[in-house]
Amino acid sequence: MSMAAKWIETLVGSLDQKKQYRALMARIEALPEPYRGAAKALHRYFMYHGAILDGDTLTTMFGDFVDLWERAVADGTPVRAIVGDDPVEFAETFLQAYAGRQWIDRERERLRQAIDAADHNNGEEKSE
């Protein structure tokens, strides 16, 4: 499965979200170089990072991401002026702004529920 297919698969929402994603990818492909190369490299990093679960958040984040690059092209802003000295730090900060629910949040909740259930079951056995 290609990375793009994985990303689309991650969009657990509607067909509309998948259409939005494809339209946003087309907008990235339409960027002139060096913006297209930088945006695609960051997009690849976002896909591998995989911290965001829901489709609404992904499409919002990706829409804002594409808007950022289109504005940079229109304003003639250099790539380095956008990403700064450390592109990884830029990517992490950008992701954090959208990371409301990360996979670890789901695992933390599962752990809490499992321990609560174990504690509850243990307590019932003692009282009988």
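Residues numbered from 1 in each chain as written. Predicted model: local features only at pLDDT ≥ 70, side-chain atom pairs only at ≥ 80, totals over all residues. Heavy atoms only, no water.

Q: In this structure, what is going on with helix α6 (residues 87-96)? I would like to understand it.
A: Think of an α-helix as turning once every 3.6 residues; residues three or four places apart then point the same way. For α6, every residue scored as buried is listed here: Phe-90, Ala-91, Phe-94 and Leu-95. End-on, the buried residues of α6 take up no more than an arc of 125°, which puts them together on one face. Of the exposed residues in α6, those oriented more than 90 degrees away from the buried face are Glu-89 and Gln-96. One side-chain oxygen of the residue at the start of α6 lies 3.0 Å from the amide nitrogen of Val-88, identifying that residue as Asp-86. (Buried < 20%, exposed > 50% of the residue type's maximum accessible area, 1.4 Å probe, protein only. Helix = DSSP H or I, 4+ residues; strand = E, 2+ residues; numbered from the N terminus. Arc of directions from axis to C-beta. Polar contact = N/O pair within 3.5 Å; in protein donor to acceptor, adjacent residues only side chain to side chain.)

Q: I keep staring at unusual backbone geometry and nothing clicks. Help me out?
A: The phi torsion of most residues other than glycine is negative, and most of the peptide bonds are trans. The step from Glu-33 to Pro-34 runs through a cis peptide bond, and the omega angle for that step is 5°. Here Pro-34 is to be found in the loop between α2 (15-30) and α3 (35-49).

Q: I keep staring at the packing of aromatic side chains and nothing clicks. Help me out?
A: Note on aromatic pairs: each is described by the distance of the centres and the angle between the planes. On inspection of all chains with the given rule, the structure shows 9 aromatic pairs. With 5.2 Å between their ring centres and 75° between their planes, Phe-46 and Phe-65 make a pair best called edge-to-face. You can see Phe-46 sitting in helix α3 and its partner Phe-65 sitting in helix α4 (residues 55-75), a full 19 residues away along the chain. A single burial state applies to Phe-46 and to Phe-65, both of which are buried. Considering the side-chain rings of Phe-62 and Phe-65, the 6.0 Å spacing of their centres and the 15° angle between planes classify their relative orientation as stacked. One end of the pair is Phe-62 and the other is Phe-65, both in helix α4 and 3 residues apart, which spans about a single turn. This pair shows no difference in class: Phe-62 is buried, exactly as Phe-65 is. Joined through ring pairs, the aromatic side chains of Tyr-21, Tyr-35, Phe-46, Phe-62, Phe-65, Trp-69, Phe-90, Phe-94 and Tyr-98 make up one cluster. (Phe/Tyr/Trp six-rings, centres within 6.5 Å; stacked < 30°, edge-to-face > 60°.)

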